[in-house]
Amino acid sequence: QVQLVESGGGLVQAGDSLRLSCAASGRTFSRYTMGWFRQAPGKEREFVGAISWSSSTYYGDSVKGRFTISRDNAKNTVYLQMNSLKPEDTAVYYCAARFLGSGSYHYHPLYDYWGQGTQVTVSS
């Protein structure tokens, strides 16, 4: 069982930066692929990005070049650095974990564990 807790959300202005963190419980964090997803009201869950257990990174088209995912296995934490934020980035952001696994990083049903989400609001 893995528990995920996101933090770092808030209200920012367009063009600002924000860093989300996702702290995971358990001793095998390094063997999990970690994903970030977001969901805005009335919209489907959207893939933001993922970092594999081997630290390869993958991003959704809407955030490529603006967002960066990293992980610190010693701290059991994954980060989402968000730069040049836009109003359309407003959503609840979730981190998710899947044990080992490769491929189809954007497909949320493949993730086994989810955090409770953190709200990010970008004002214009």
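Structure first, text after, so check above.
Below, the structure is looked at part by part.

What follows concerns the state of the cysteines. Per the counting criterion, the structure on display carries 1 disulfide. Shown here is the disulfide that connects C22 with C95, its sulfur atoms set 1.9 Å apart. When the S-S torsion is 45°, as for the bridge of C22 with C95, the disulfide is right-handed. Here C95 lies in strand 9 (residues 91-99) and C22 lies in strand 3 (residues 18-24), a separation of 73 residues in the sequence. A single burial state applies to C22 and to C95, both of which are buried.

This part covers unusual backbone geometry. For residues besides glycine, phi is generally negative; the peptide bonds are generally trans as well. Look at S55: it is not a glycine, yet its phi comes out positive at around 70°. The residue S55 is located in the loop between strand 5 (46-51) and strand 6 (57-59) in this model. What makes S55 partly exposed here is its relative accessible area of 43%. The phi dihedral of S104 is positive, around 50°, even though this residue is not glycine. Examined against the element boundaries, S104 turns out to sit in the loop between strand 9 and strand 10 (113-114).

Turning our eyes to something else, we now look at the packing of aromatic side chains. We describe a pair of aromatic rings using the distance from one ring centre to the other and the angle between the two ring planes. Enumeration over the complete set of coordinates arrives at 7 aromatic pairs. The interplanar angle of 70° and the centroid separation of 5.3 Å between the aromatic rings of Y32 and F99 together place this pair among those described as edge-to-face. With Y32 in strand 4 (residues 32-39) and F99 in strand 9, the pair connects residues that are 67 residues apart, well separated along the chain. Here Y58 and Y105 contribute two aromatic rings whose centre-to-centre distance is 4.1 Å and whose plane-to-plane angle is 15°, an arrangement assigned as stacked. In this pair, Y58 sits in strand 6 while Y105 sits in the loop between strand 9 and strand 10, placing the two residues 47 residues apart along the sequence. Taken together, the ring pairs in this structure connect F37, F47, Y111 and W114 into an aromatic cluster.

Applying the stated rule across the entire model yields 4 salt bridges. For E46, the salt bridge identified is with R38, shortest N-O distance 2.8 Å. You can call E46 partly exposed: its relative accessible area is 30%. Its salt-bridge partner being D61, residue K64 comes within 3.2 Å of it at the nearest N-O pair. The burial state of K64 is the same as that of D61; both residues are exposed. Salt bridges sharing partners connect three or more residues here, namely R38, E46, R66 and D89.

Our next topic: the nonpolar core. Ranked by size, the top nonpolar core spans 29 residues in total, and within it L4, M34, W36, L80, M82 and Y93 carry the most contacts. The set of elements that each furnish at least two residues to this core consists of strand 3, strand 4, strand 5, strand 7 (67-72), strand 8 (77-82), strand 9 and strand 11 (118-123). Of all hydrophobic cores here, the second largest spans 6 residues; its members include F37, A50, Y105 and Y111.

This part takes up the pairing of strand 9. Among the 9 residues that make up strand 9, 8 are buried, leaving the element largely enclosed by the rest of the structure. Sheet analysis places strand 4 next to strand 9, joined by 8 bridges and oriented antiparallel. Each residue of the ladder has a partner; that of Q39, found in strand 9, is V92. In this sheet, strand 11 lies alongside strand 9 in antiparallel orientation, the contact comprising 3 bridges. Across the sheet, residue A91 finds its bridge partner in strand 11, namely V120. As defined by bridge partners, strand 9 adjoins strand 10 across 2 bridges and the pair is classed as antiparallel. Bridging across to strand 10, A97 finds its partner in Y113.

Criteria and thresholds
Starting from 1, residues in each chain are numbered consecutively following that chain's sequence as written. For this predicted model, a pLDDT threshold of at least 70 governs which residues receive local features, and a threshold of 80 or more governs which side-chain atom pairs are given and counted, while totals over whole chains, interfaces and linings are taken from all residues. Only hydrogens and water are set aside; all other atoms, that is, all heavy atoms of the structure, feed into the side-chain values. Only a pair of cysteine sulfur atoms within 2.5 Å qualifies as a disulfide here. Strands are runs of DSSP state E lasting at least 2 residues, helices are runs of H or I lasting at least 4, and numbering of each runs from the N terminus. Partly exposed residues are those whose accessible area sits between 20% and 50% of the maximum for their type, while under 20% is buried and over 50% is exposed, using a 1.4 Å probe and protein chains only. Only Phe, Tyr and Trp rings are paired, with Trp represented by its six-membered ring, and only when their centres lie within 6.5 Å; those with planes under 30 degrees apart are stacked, over 60 edge-to-face, the remainder tilted. By definition, a salt bridge exists where a carboxyl oxygen of Asp or Glu is found within 4 Å of a side-chain nitrogen of Lys or Arg. To qualify as a nonpolar core, a set must consist of buried Ala, Val, Leu, Ile, Met, Phe, Trp, Tyr and Cys residues joined through side-chain atoms within 4.5 Å. Note: two strands are recorded as paired if DSSP finds a minimum of 2 bridges between them.

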